[in-house]
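Chain and residue survey
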Amino acid sequence: MTNAPGGFLLVDKPAGMTSHDAVDQVRRALGVRKVGHAGTLDPSATGLLLMASGRATRLLRFVGDLEKEYEGTGVLGVETDTLDADGAAVGGDPEEAARVGVDELRDAMAAFVGEIEQVPPAYSAVKVRGERLHRAARRGEAVAAPPRTVRVEAFDLRAFEPPSFEFRVACSRGTYVRTLVADTGARLGCGAHLTRLRRTAIGPFRVEDARPPDDPAAPAEPAAALGHLARVAVTDEEATAVSHGRLLGPAGIDGPYRVHGPDGTLLGIYHDEGPKGVPDVVLVPA
């Protein structure tokens, strides 16, 4: 296996596979040792994983905050301990669910659009006091994570054939879609759980352009995934300084920015800190 400079690639994860398993398949298919991903998908979920190989894995943290889009299915009237179809039924009111109309459902979903406080599910990878919640949950221990602020740009009803409903979500990083579905059921007084979830987009990237993890496309240039960051071009002398991880003059840009050499090559990611440009990632070693 090699450790080439690498780049970004789009992978369509199938159901029944962890995100880590998908990384392993891409690693084997490309013959590259270093592969990572931005934004985990549950094993039962399908859809888009944004991956990187080689030195480009160091850039994954700059794409983690891109907005995510999903489509899925929820079922009213049944609550589960995991908030999805993988869990055991623990409550719900099928009779009350049968009385829910399409307007009521749409109104309940609309209540979660905007900036909201969301409690991560007990069966999740969120850490509390150094331990992941799902490990405590499997031991039968009730450990609650503090609520977190997330933003839901859209939570649209696509179809309703009681008790199932199809939806689309556009949301910020850290949003749990199964929690949105469960909270909608709670608001309606009947309970609900998620039965299907597919991630369709991460920022400008669409699942239609993705490939299976065992047959990935060749990684694209790293800059292709960083169009949301401002671009700064430097001189030959400054490019040499970047390759050594040295400070630059300030770019006058709020937040991280891409630094490109005179030939257009992405050299690294910098941010302004007072009167200096400070390196976050240097891709081209001296």
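Data block above holds the structure.
Residues Met51, Leu76, Leu105, Phe155, Phe165 and Phe167 are the most contacted members of the largest nonpolar core, which totals 38 residues. In terms of residue count, the dominant contributor to this core is strand E10 (residues 148-161) (five residues). If we skip the residues at most four places from it in the chain, Leu76 touches Ala97, Val100, Phe160, Pro163, Phe165, Leu188, Cys190, Gly191 and Ala192. Counting 23 residues, the second largest nonpolar core, distinct from the first, contains Leu48, Val63, Leu66 and Ile202.

Another aspect to go through is the sheet that holds strand E16 (residues 266-273). Here we have four strands laid out as an open sheet, ordered E14-E15-E16-E17, and mixed in their pairing. Across the chains shown, the open sheet's two edge strands, defined by having one partner strand only, are strand E14 (230-233) and strand E17 (276-282). Neighbour to neighbour, the strand axes of the sheet diverge by 40° on average, direction disregarded. Bridge analysis of strand E15 (residues 257-260) against E16 gives four bridges, and the strand direction is antiparallel. Considered in E16, the bridge of His260 is made with Leu266. Contacting E15, E16 and E17, helix H6 (residues 236-243) crosses the sheet at an angle of about 85° to E16.

The subject of this paragraph is the environment of Val75. Mapped onto the elements of the fold, Val75 is located in strand E4 (residues 68-76). Judged by its relative accessible area of 14%, Val75 is buried. For the pair Val75 and Gly185, spaced 110 residues apart in sequence, the C-alpha separation works out to 8.6 Å. Setting aside anything within four residues of it in sequence, one finds Val75 in contact with Pro163, Ser164, Phe165, Gly191, Ala192, His193 and Thr195.

A full pass over the atoms with the stated rule returns two aromatic pairs. Ring geometry for Phe155 and Phe167: centres 5.7 Å apart, planes at 85°, overall edge-to-face. On the criterion of sequence distance, the pair formed by Phe155 in strand E10 and Phe167 in strand E11 (residues 164-171) is long-range, its members being 12 residues apart. The pair formed by Phe155 and Phe167 is uniform in burial state, with each residue classed as buried. For the ring pair Phe165 and Phe167, a centre distance of 6.0 Å and an interplane angle of 45° mean the geometry is tilted. Side by side, Phe165 and Phe167 carry an identical accessibility label, which is buried. The structure contains a cluster of three or more aromatic residues connected by ring pairs, namely Phe155, Phe165 and Phe167.

Turning our attention to the pattern of salt bridges. Proximity of charged atoms lets side chains of opposite charge pair with each other. The full count for this structure, using the stated rule, is 14 salt bridges. Between Asp65 and Arg173 there is a salt bridge, with the nearest N and O atoms lying 3.1 Å from each other. Taken together, the residues span a long stretch of sequence, with Asp65 in the loop between strand E3 (46-53) and E4 and Arg173 in the loop between E11 and helix H5 (177-188) at a distance of 108 residues. Judged by its relative accessible area of 58%, Asp65 falls in the exposed class. The partner of Glu153 in a salt bridge is Arg151, and the shortest N-O contact between them spans 2.9 Å. The class of Glu153 is partly exposed, set by a relative accessible area of 40%. Through salt bridges with shared partners, one network takes in Glu69, Asp156, Arg168, Arg206 and Glu208.

Thresholds applied
Residues numbered from 1 in each chain as written. Predicted model: local features only at pLDDT ≥ 70, side-chain atom pairs only at ≥ 80, totals over all residues. Heavy atoms only, no water. Core = buried A, V, L, I, M, F, W, Y, C linked by side-chain atoms within 4.5 Å. Buried < 20%, exposed > 50% of the residue type's maximum accessible area, 1.4 Å probe, protein only. Helix = DSSP H or I, 4+ residues; strand = E, 2+ residues; numbered from the N terminus. Contact = heavy atoms within 4.5 Å. Pairing = 2+ DSSP bridges. Axes fitted to C-alpha atoms, helices over the stretch in contact; angles between N-to-C directions. Phe/Tyr/Trp six-rings, centres within 6.5 Å; stacked < 30°, edge-to-face > 60°. Salt bridge = Lys/Arg side-chain N within 4 Å of Asp/Glu carboxyl O.

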